[in-house]
Amino acid sequence: MNLEYYYWKKVNIESVSNGTFSGFVNEYIEPEDNDSGKESIILKTEDGNLVEFEETDIKKIEVI
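Below: a short report on this structure. From a predicted model like this one, the values you see are computed outputs, not experimental measurements.

Here strand β1 (residues 10–15) pairs with strand β2 (residues 20–29) via five bridges, running antiparallel. Directly across from Val11, in β2, lies its bridge partner Gly23. Linkage of β1 to β2, two consecutive antiparallel strands, is achieved through a turn of four residues, within which Gly19 is found at a positive phi near 95 degrees.

Here it is, written out as structure tokens:
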């Protein structure tokens, strides 16, 4: 999955286990900069929370 594509975009994310999230991707983390070795993004949700999603946490992602 190429999560860098979604950087600075508004998206809907369906997670593998925690439901659906909407918001703005304000950070992209490369695999070599992440402790898990997986790429991830940080989503600022519509209610202002920051949520990190690793590539394996995302079931579906779409730009809105």
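Turning our attention to the pairing of strand β3 (residues 40–45). Across the six residues that make up β3, a large majority, five, are buried. With six bridges connecting them, β2 and β3 associate as antiparallel partners. Bridged to Val25 within β3 is Leu43. Pairing geometry for β3 and strand β4 (residues 50–54), over five bridges, is antiparallel. Bridging across to β4, Leu43 finds its partner in Val51.

Rules behind the numbers
- Residues numbered from 1 in each chain as written.
- Predicted model: local features only at pLDDT ≥ 70, side-chain atom pairs only at ≥ 80, totals over all residues.
- Heavy atoms only, no water.
- Pairing = 2+ DSSP bridges.
- Helix = DSSP H or I, 4+ residues; strand = E, 2+ residues; numbered from the N terminus.
- Buried < 20%, exposed > 50% of the residue type's maximum accessible area, 1.4 Å probe, protein only.

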